[in-house]
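The chain contents come next:
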Amino acid sequence: MKQKGKIIIGVILFIILLLTFGYFFVNQSYLLNKYKFNKLQEHTFIEDTLTIVSSSDVQDLKPDAVDFETKMRVYGNLYEGLVRFDKNNNVKPSLAISWGNLDDLTWEYKLRKGVRFHDGSKFSADSVVEVFEQLSGREDSQIPSYLKHIESIEKIDTHKIVIRTEKPDPLLNQKINSLLIAKDDYIGTGPYSFLAFDKKNGLNLKAYEDYWGDLPLYRNVVFKAISSKNSRVVEFGKGEIDILTAVPVDNSVVFDDKIKTVPSLEVSFLLFNQQTELWSDPRVRQISTKVVDKETLSSISGKYSKAVNQFVSPGVFGYSLNIKEKDYLPKKAREEALAIFGQEGKKVILDLTSDYGKIGEYIQKEFKALSIRVELNFISPQDLVQKISNKESEMHILGWQSASGDAGDLLNSLFLENAQLNSVFKPGSEESQRVTNLILETNQELNQKKRLNKLQNIMDILVDEKVVGLPLFEGERIYAVNSRINFEPRTDGMIVLNEIR
Amino acid sequence: MRSVKTQFIVAISLLIITILSVNAFFIIQGKKTELNYDIYQNAESFAELTAERVINNYELNYLSKSFVNFDRELGNIKALNEDISEIQITNYQGEVLYSPEGVEELKLDQELQDRIQANLPSVKTLKTDRVLFLDKLADGETKFVDINGKLVMSLLESEQIENIVYPFEDNQHTIIYGASYENLVHRIEQTTLSIIILTTFGVIIGIFVAMILSATITGPLKVLTEGVKVFAKGDLTKRINVKSKNEVGTLSKTFNQMAVEIEKSTQELVEKERMQQELSLASDIQKDLLPKKMPEYDGIDIFASVEPAEEVGGDCYDFIPLSDDRMIMYVGDVTGHGVPSGIVSAISNALIEGFSDLYKDLKALTVKLNHVLKKKTRSNIFITMVLCIWDSTKKKFTYVSAGHEQIMIYSAKTKEVTLANPGGLALGMLPDISNVVKQEEIALKKGDTLLIYSDGIPEAWQTDKEMYGMERFQESLKRHGELESAELIHDAIIKDVRDFMGSYKQMDDITLMVVKGT
């Protein structure tokens, strides 16, 4: 009986085993998927603080800030827009889950449900409308230039809005990307919430555990500014810095294989205010193109930069292959300048930030040959923007990143009449009108080939025909990355913390 | 010693592993072939569907150095098919217009040039380096041809391709799509893993089955073995309690039957031995009852013997001295033989010994003996007897016969053998035989010989049909009557009888008393 009992138990166990195996085998793909799905739901934060250092500090963290340093800190981290650019510059859903044209002038956006701000309040269509209305009414905000053609944003229901444009706007999504939805006191919907911010300790962020999307890897992040190059090098060497955005070019060798670069799509250029007497003369503008030696410029701007011949870098949609390199003809230029000015010469103030110190000195030196005495006026980026907006800058060096990979950004921001940063043309002038009309035409052109031609045409006009300024160089963005961090730089220069995996 | 269990487990595990390995091989090969062909077909369709988009992207973005847009668009195109490793663009002359970083430079040989400049897309196989041009028919089927449009052996399902060269319809550009089989490797690995898991489970189940199966055999065998050991040690009552319906159960049943038989036989053997011992003891007792030595009386020479047919016999004789010159001698034969007869024989022996003091007269003694035997023995037990008295002073031999064999007389003078008068009735038949008992006398002269015997001698068998008989007996006495002593005569006659019997079984007790006159 004992033996029989053992056999019976054995048979029962065998049947159970067989059924269990059968169940798992038949349902293996479901079970595997379920396991993977459950695994994905689990999340473990890395408790070490991620430290990101740049050279410049920021004054505030407004969501509508346009300066690069601020945007780098907040974009996709603290604040989010309706859409976002992924690292390949594809437009992806963010706070909006889908969008579509109801007609040529009307876009419908369906908003994501279940999103909460860092203070726990719900995100809804009201949030979007509020932000738009706030920014539209502010004179000091840069955002309005992007949103100029948006007539209205209307709430349809709690999670649906409709955007109406004055004219058909194929670039609307790119513009909307800049409209970051936030509340006062640095409250956004991003994967990180605000902890603290001061000059000494930088910006401290903490992972927002109720974030609607994938939780980030690091629980704590700090963005710091270290102005001293040497300090940046030393700190990185000690392992105190995980990502260094402002790698001192001279010391880049020190960082060995930890350097990562990406085309910045940023071009630095000199712009002439044609409302001043000096630069209103097209002859003066033309001869200025002959005194900039590209080779010297490249060597001054550094290992990771190279001279450019237009206001957008190769890689940007709208880059014109028609524009030729200008020859360096300082003697000829001097002769022509003498003919225009005589011996007296002219004086002009060049407004620039401290980053362009060496370039400014070079310009100063070369323009001297034209009997143009250039006085370098180093100011802060904010002051520079202010001065430009007030049309008070005679000449300035500006850096512009075509983050979207489209020249339309630059053209709309700097050369469209009434654009805040447009201090090139005299408002109402024929040139201004002409360029503005061309830009507006381009904005509405849906055929990509035709649009490209138009953009290139505008670039040709600005660079060759009107010589609104001198394109100087484009730079690569250089990062030094701690080997334990899996970080791939983006062409737009943003550090989206959720992309660090 | 390798147990049945281990052998089962090893055998079944090996069997499962072999079967599953063979299966796995064929499944994996099949899967590989299927995936290979899927990758080719997907690549072909992909090339067809995306060629225009690739060229448009090239013309719009790459040529205008909008590499951001170009990379994005190309990335989006490639994302549609993860089996395409890279996309390169050439012009009609074969000059590379676009090639991604890190990709090996195209070697523009004649073969590649032909492919780039052809009208049809083409594939090149990896291992065999075959170039096949793809002619799409109206019904969607693809015909494999050479550069001249001649039919060639189609792409085998097992063949992998290196690339698809897709000449674009504008006759200015060609796109080269590189094929990647990384996914195939990954999926084969997944399939292999599934098979390994399946095999592991299979082996576990197999081991389980083997253990259960072997348990059904080894379990009962173990019980059987243990039982046999106990049985062998002497516990003959041990039985195997195995109820399985297979050969082991049959073996156990057979064993139990055998055990029953052995136990029974052993018991019988023990009983027989015990019986044998008792018989031997009884035989010894009976032998002790016989006279230890032949009596010596004047005028006669006596020798006697009894040879029972079994351990204990029914024949008896004795010599009972009455005085210095008188002696009773008798020969008795109880019906049958064996222990019952021996018991009666012993009783008779004791009675005669006892009554010889009380009854000096042979007749009275016989009557009394009969009376007691009738009372004390079963109704079917009788004893024939000849009681004799020898008076050595009177030289007188008297006898009483109670239904016994006639005394055989050899006359030394005449050399003839005669039989004495018969008479009487066997003892124990009737309560009173006083009317039939008769005392007789024989004149025993010097040299005469008397034989008093039991019927075992004349009824000694040689074969199933021939007995010794009285004639031979008398002849034997005639021949040997002249021998010097009673013992010699006795031995000679017994020898005659034994010689006659040969190897035939002695059926009755043989008793012979020889009385020779001296």
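Right, let's walk through the structure included here. (Residues numbered from 1 in each chain as written. Chains lettered and ligands numbered in written order. Predicted model: local features only at pLDDT ≥ 70, side-chain atom pairs only at ≥ 80, totals over all residues. Heavy atoms only, no water.)

Quick look at the nonpolar core now. If you look at the biggest cluster of nonpolar residues, it comprises 47 residues, and the most contacted ones within it are Met329, Phe397, Ile407 and Met513 of chain B. Take this core: its biggest share by element is seven residues, from helix 9 (residues 486–501) of chain B. Leu384, Leu440, Ile458 and Met459 of chain A belong to the second largest nonpolar core, which has 40 residues in total. (Core = buried A, V, L, I, M, F, W, Y, C linked by side-chain atoms within 4.5 Å. Buried < 20%, exposed > 50% of the residue type's maximum accessible area, 1.4 Å probe, protein only. Helix = DSSP H or I, 4+ residues; strand = E, 2+ residues; numbered from the N terminus.)

Bringing a nonpolar patch on the surface into the picture now. A grouping of Ile8, Ile9, Ile12, Leu13 and Ile16 of chain A is seen on the molecular surface, where their side chains present a nonpolar patch of about 460 Å² in accessible area. Relative to the elements of secondary structure, Ile16 of chain A occurs in helix 1 (residues 2–26). (Patch = residues over 30% accessible without salt bridge, like charges linked within 9 Å, V, L, I, M, F, W, Y side chains within 5 Å. Areas by Shrake-Rupley, 256 points an atom, 1.4 Å probe, with all protein chains shown as cover. Salt bridge = Lys/Arg side-chain N within 4 Å of Asp/Glu carboxyl O.)

Residues and elements named next belong to chain B. At their nearest, the axes of helix 5 (residues 247–289) and helix 6 (residues 339–358) sit 11 Å apart, and the two run at 30° to each other. Here helix 6 runs roughly parallel to helix 5, going by the angle between their axes. Between helix 5 and helix 6 the crossing geometry is left-handed. Where helix 5 approaches helix 6, its residues Leu279, Gln286 and Leu289 are matched on the opposing element by Val339, Gly342, Ser345, Ala346 and Asn349. (Axes fitted to C-alpha atoms, helices over the stretch in contact; angles between N-to-C directions. Parallel < 35°, antiparallel > 145°, perpendicular 65-115°, else oblique. Left-handed = near helix turned anticlockwise from the far one by under 90°. Contact = heavy atoms within 4.5 Å.)

As a further point, take the pattern of salt bridges. Two side chains with opposite charge may pair up if their charged atoms get near one another. If you walk through the whole model with that rule in mind, you get 42 salt bridges over all chains. The partner of Lys466 of chain A in a salt bridge is Glu431 of chain A, and the shortest N-O contact between them spans 3.6 Å. Taken together, the residues span a long stretch of sequence, with Lys466 of chain A in the loop between helix 16 (448–465) and strand 17 (469–481) and Glu431 of chain A in helix 15 (residues 430–444) at a distance of 35 residues. Notably, a salt bridge pairs Glu440 of chain B with Lys438 of chain B, separated by 3.6 Å at the nearest N-O pair. You can call Glu440 of chain B buried: its relative accessible area is 16%. A residue is classified by how much of its surface remains accessible, and Lys438 of chain B, at 56% relative accessible area, is exposed.

Residues and elements named next belong to chain B. Ordered in space as 2-1-7-6-3-4-5, the seven strands form an open sheet in which the pairing is antiparallel. Each end of this open sheet is capped by a strand with a single partner; those strands are strand 2 (96–98) and strand 5 (142–145). Taking the axes of each pair of neighbouring strands and ignoring which way they run, one obtains an average angle of 30° across the sheet. Two strands pair when backbone bridges link them, and strand 4 (residues 131–136) and strand 5 are joined in this way by four bridges, in the antiparallel orientation. If you follow Lys136 over to strand 5, its bridge partner there is Thr142. (Pairing = 2+ DSSP bridges.)

Bringing the pairing of strand 3 (residues 122–125) of chain B into the picture now. Residue and element names in this part refer to chain B. Every second residue of strand 3 is oriented toward a common face, with Ser122 and Lys124 on one face and Val123 and Thr125 on the other, all of them buried. Both strand 3 and strand 4 contribute to a ladder of three bridges, which runs antiparallel. Paired with Lys124 across the strands is Val131, a residue of strand 4. In textbook terms, the turn of a hairpin is the stretch between consecutive antiparallel strands, and for strand 3 and strand 4 this stretch comprises five residues, one of which, Asp129, has a positive phi near 55°. Bridge analysis of strand 3 against strand 6 (residues 161–167) gives four bridges, and the strand direction is antiparallel. Residue pairing in the sheet places Ser122 in a bridge with Val165 of strand 6.

Look at helix 15 of chain A: 21 Å from first C-alpha to last across 15 residues, which is about the 21 Å you get at 1.5 Å a residue. Those residues of helix 15 of chain A that are buried are in contact with helix 14 (408–414) and helix 16 of chain A. (Expected span 1.5 Å × (residues − 1).)

This brings us to the sheet that holds strand 15 (residues 417–419) of chain B. Residue and element names in this part refer to chain B. Taken together, six strands build an open sheet; the order of strands is 8-9-18-17-14-15 and the sheet is antiparallel. A strand with exactly one partner marks an edge of an open sheet, and here the two such strands are strand 8 (296–297) and strand 15. Sheet topology places strand 9 (residues 300–307) next to strand 18 (residues 510–517); eight bridges connect them, and they run antiparallel. Residue pairing across strands places Phe303 opposite Val514, the latter belonging to strand 18. Contacting strand 14 (408–410), strand 15, strand 17 (449–453) and strand 18, helix 8 (residues 469–480) crosses the sheet at an angle of about 30° to strand 14. Sitting on the sheet, helix 9 touches strand 9, strand 17 and strand 18, and the angle it makes with strand 18 is about 145°.

Residue and element names in this part refer to chain A. Applying the stated criterion across every chain yields a total of four cavities of 30 Å³ or more. Counted as a void, the largest cavity has a volume near 110 Å³. Lining the largest cavity we find Thr289, Val292, Lys294, Asn309, Lys324, Glu325, Lys326, Val463, Gly469, Leu470 and Pro471. When residues in the lining of the largest cavity are grouped by element, the largest group, three residues, is from strand 17. Split into classes, the residues belonging to the lining of the largest cavity amount to four nonpolar, three polar and four charged. (1 Å grid on protein atoms, 1.4 Å probe; cavity = no way out; pocket = protein on both sides within 12 Å on 5 of 7 lines; lining within 4 Å. Points joined across faces, edges and corners; volume = space filled by probe spheres on them. Nonpolar A, V, L, I, M, F, W, Y, C, P; charged D, E, K, R; others polar.)

It is worth spelling out the environment of Phe144 of chain B at this point. Residue and element names in this part refer to chain B. Positionally, Phe144 belongs in strand 5. Residue class for Phe144 comes out buried when judged on its relative accessible area of 5%. It is 7.4 Å that separates the C-alpha atoms of Phe144 and Leu155, two residues lying eleven residues apart in sequence. Aside from chain neighbours lying at most four places away, what touches Phe144 is Tyr40, Leu132, Phe133, Leu134, Lys150, Leu151, Val152, Met153, Ser154 and Leu155.

Before going further, it helps to spend a moment on the layout of surface pockets. Regions of empty space are outlined by a rolling probe, equal in size to a water molecule, passed over the atoms. Within this model, the second largest pocket holds a volume of roughly 890 Å³. If you list the elements that add at least two residues to the lining of the second largest pocket, you get strand 12 (259–272) of chain A together with helix 2 (67–78) of chain B. In terms of residues, the lining of the second largest pocket owes the most to one element, helix 2 of chain B, which gives nine residues. Tallied by class, residues from the lining of the second largest pocket come to ten nonpolar, eight polar and nine charged.

Take helix 7 (residues 229–238) of chain A next. Because an α-helix packs 3.6 residues into every turn, residues spaced three or four apart end up facing the same way. Residues and elements named next belong to chain A. Residues of helix 7 that are buried: Arg232, Val233 and Phe236. Taken end-on, helix 7 shows its buried residues confined to a sector of 100°, consistent with a single buried face. Structural note: helix 7 exposes Asn230 and Lys238 on the side pointing more than 90 degrees away from its buried face. Structurally, helix 7 contributes buried residues whose contacts are with strand 1 (50–54), strand 11 (243–244) and strand 17. Directly beyond the C-terminal end of helix 7, a positive phi value near 85° is found at Gly239. (Arc of directions from axis to C-beta.)

Function cannot be read off these values alone, since they describe shape.
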